[in-house]
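# Results of the structural survey
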Amino acid sequence: MGFMKKNFVNNLTFLLVFIFFIGLNLPIYSQNSKEHQTKSNFWNNVQFGGGLGLGFGNGYTNVMIAPSGIYNFNEYVSAGLGVQYSYVKDRDFYQSNLYGGSIIALFNPIQQIQLSTEIEQLRVNSKFDTIYGTFSDNFWNTAVFLGAGYRTRNITMGVRYNILHKDGEGVYADALMPFVRIYF
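All of the points below concern the structure found in this document. (Residues numbered from 1 in each chain as written. Predicted model: local features only at pLDDT ≥ 70, side-chain atom pairs only at ≥ 80, totals over all residues. Heavy atoms only, no water.)

## Quick word on the packing of aromatic side chains
According to the stated counting rule, one finds 7 aromatic pairs in the structure shown. With 5.0 Å between their ring centres and 50° between their planes, Y94 and F128 make a pair best called tilted. On the criterion of sequence distance, the pair formed by Y94 in strand β4 (residues 94-110) and F128 in strand β5 (residues 113-130) is long-range, its members being 34 residues apart. Residue class for Y94 comes out partly exposed when judged on its relative accessible area of 24%. Note on F128: relative accessible area 24%, which makes it partly exposed. The interplanar angle of 75° and the centroid separation of 5.7 Å between the aromatic rings of F145 and Y172 together place this pair among those described as edge-to-face. Taken together, the residues span a long stretch of sequence, with F145 in strand β6 (residues 133-152) and Y172 in the loop between β7 (155-162) and β8 (176-183) at a distance of 27 residues. (Phe/Tyr/Trp six-rings, centres within 6.5 Å; stacked < 30°, edge-to-face > 60°. Helix = DSSP H or I, 4+ residues; strand = E, 2+ residues; numbered from the N terminus. Buried < 20%, exposed > 50% of the residue type's maximum accessible area, 1.4 Å probe, protein only.)

Next up, the structure:
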């Protein structure tokens, strides 16, 4: 009787361990299948775009690159991240490097109208050459933009307003700025 009881316990232990490992593997397999489907659906809702800027004048250079990506939650709401780098130089007076990132939320109440909110944080490293010597000014510039634009397919043109703008401070000369946004 002791032998049968011991054999039964061993078989029951083996069966429970076997069911336990199968139970662990089933949810993992199931999660992997859902995760694979989620990844496929995720990338179907992602768009990339951004902005490029290039300006030249008499001793003046301005080069800007700002790639970004958004995720379309549905036909009305999108959100995303962006990075930015700008180089500005006014010969014999001013040179600046600006770099940072932004978070953007887009709302399309109807197909042709796009409303936006964007938080931008830039590090500004500037150097000024004057008759009194060379001076540098390094600071963080924070902007919060509220925008509205006309949208046609993947292009939106509009204006945005920096609610944190103060005259004579920061990198933007005006609180109100036009924009063109393109996402592919």
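## A closer look at the sheet that holds strand β3 (residues 77-90)
Taken in spatial order, the 8 strands close into a barrel running β1-β2-β3-β4-β5-β6-β7-β8, and their pairing is antiparallel. When the angles between neighbouring strand axes are averaged without regard to direction, this sheet yields 25°. (Pairing = 2+ DSSP bridges. Axes fitted to C-alpha atoms, helices over the stretch in contact; angles between N-to-C directions.)

## Re the nonpolar core
Counting 8 residues, the largest nonpolar core is built from V88, L98, L122, V124, A143, F145, Y172 and M177. Contributing elements (two or more residues each) for this core: β5 and β6. Among all residues touching L98, those that are not within four sequence positions of it are Q84, Y85, S86, V88, L122, R123, V124 and V171. (Core = buried A, V, L, I, M, F, W, Y, C linked by side-chain atoms within 4.5 Å. Contact = heavy atoms within 4.5 Å.)

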